[in-house]
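For reference, the chains in residue letters:
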Amino acid sequence: MHIRLLAVGDRQPAWVDDAVLSYTSRYPRDWRFRIDTLATVRRGRNAPAAQAVDAEAATLLARVAPAERLVLLDERGQPLASTAFAGRLAEWQADGRDLCFLIGGPDGVA
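Residues numbered from 1 in each chain as written. Predicted model: local features only at pLDDT ≥ 70, side-chain atom pairs only at ≥ 80, totals over all residues. Heavy atoms only, no water.

Enquirer: Would you mind going over the layout of surface pockets in detail, with residue names and values included?
Expert: Of the volumes computed, that of the largest pocket is approximately 570 Å³. If you trace the largest pocket, you find 17 residues lining it, with Tyr-23, Tyr-27, Phe-33, Phe-85 and Leu-89 closest to the centre. Looking at the lining of the largest pocket, the elements that each hand over two or more residues are β1 (2–8), α1 (14–24), α3 (82–95) and β4 (99–103). Its residues assigned to classes, the lining of the largest pocket shows 14 nonpolar, two polar and one charged. (1 Å grid on protein atoms, 1.4 Å probe; cavity = no way out; pocket = protein on both sides within 12 Å on 5 of 7 lines; lining within 4 Å. Points joined across faces, edges and corners; volume = space filled by probe spheres on them. Helix = DSSP H or I, 4+ residues; strand = E, 2+ residues; numbered from the N terminus. Nonpolar A, V, L, I, M, F, W, Y, C, P; charged D, E, K, R; others polar.)

Structure, rendered in C-alpha cells:
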C-alpha cells in the first residue's frame, strides 16, 4: 500500500523530518510513504482567507489521483485513538487502494 501525505505548508522544522523517519521506519515493509507539500497561498493584507483556502483546495484536489482513497485530516474531524486508527488502516489496506492523507493550510480546508 502506498501512503501519501499531501499538505499545504512551507518548510517544516528539522524535528518534523526526524519524527516522520522514526514513524515510517515502523511501517510494514510493503507500505510506501511519501510527503508532498504545496506552498501556502500568499494573500494580501486585506484579501479574504476564503480566497486562499479555495485556491489551496483546487490545487490539492488536482494532485489527488482518482484511484486514491482521500482522507482529510481536520481538527473538527473524528478523533481516533491509536488502536482505532490502526484498525482503520487495516481496513483501508484490505480495500487495496492507495491512501492520500490531506492537510490544509493555516486557514483550513474548503
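Let's pick the thread back up.
Enquirer: Residues and numbers for the pattern of salt bridges, please.
Expert: Inspection of every chain in the model, using the stated rule, returns seven salt bridges. Taking the shortest distance from any N to any O, the salt bridge between Asp-95 and Arg-69 comes out at 3.0 Å. On the criterion of sequence distance, the pair formed by Asp-95 in helix α3 and Arg-69 in strand β3 (residues 69–72) is long-range, its members being 26 residues apart. A network of salt bridges, in which partner residues are shared, links Arg-4, Arg-34, Asp-36, Arg-63 and Glu-68. (Salt bridge = Lys/Arg side-chain N within 4 Å of Asp/Glu carboxyl O.)

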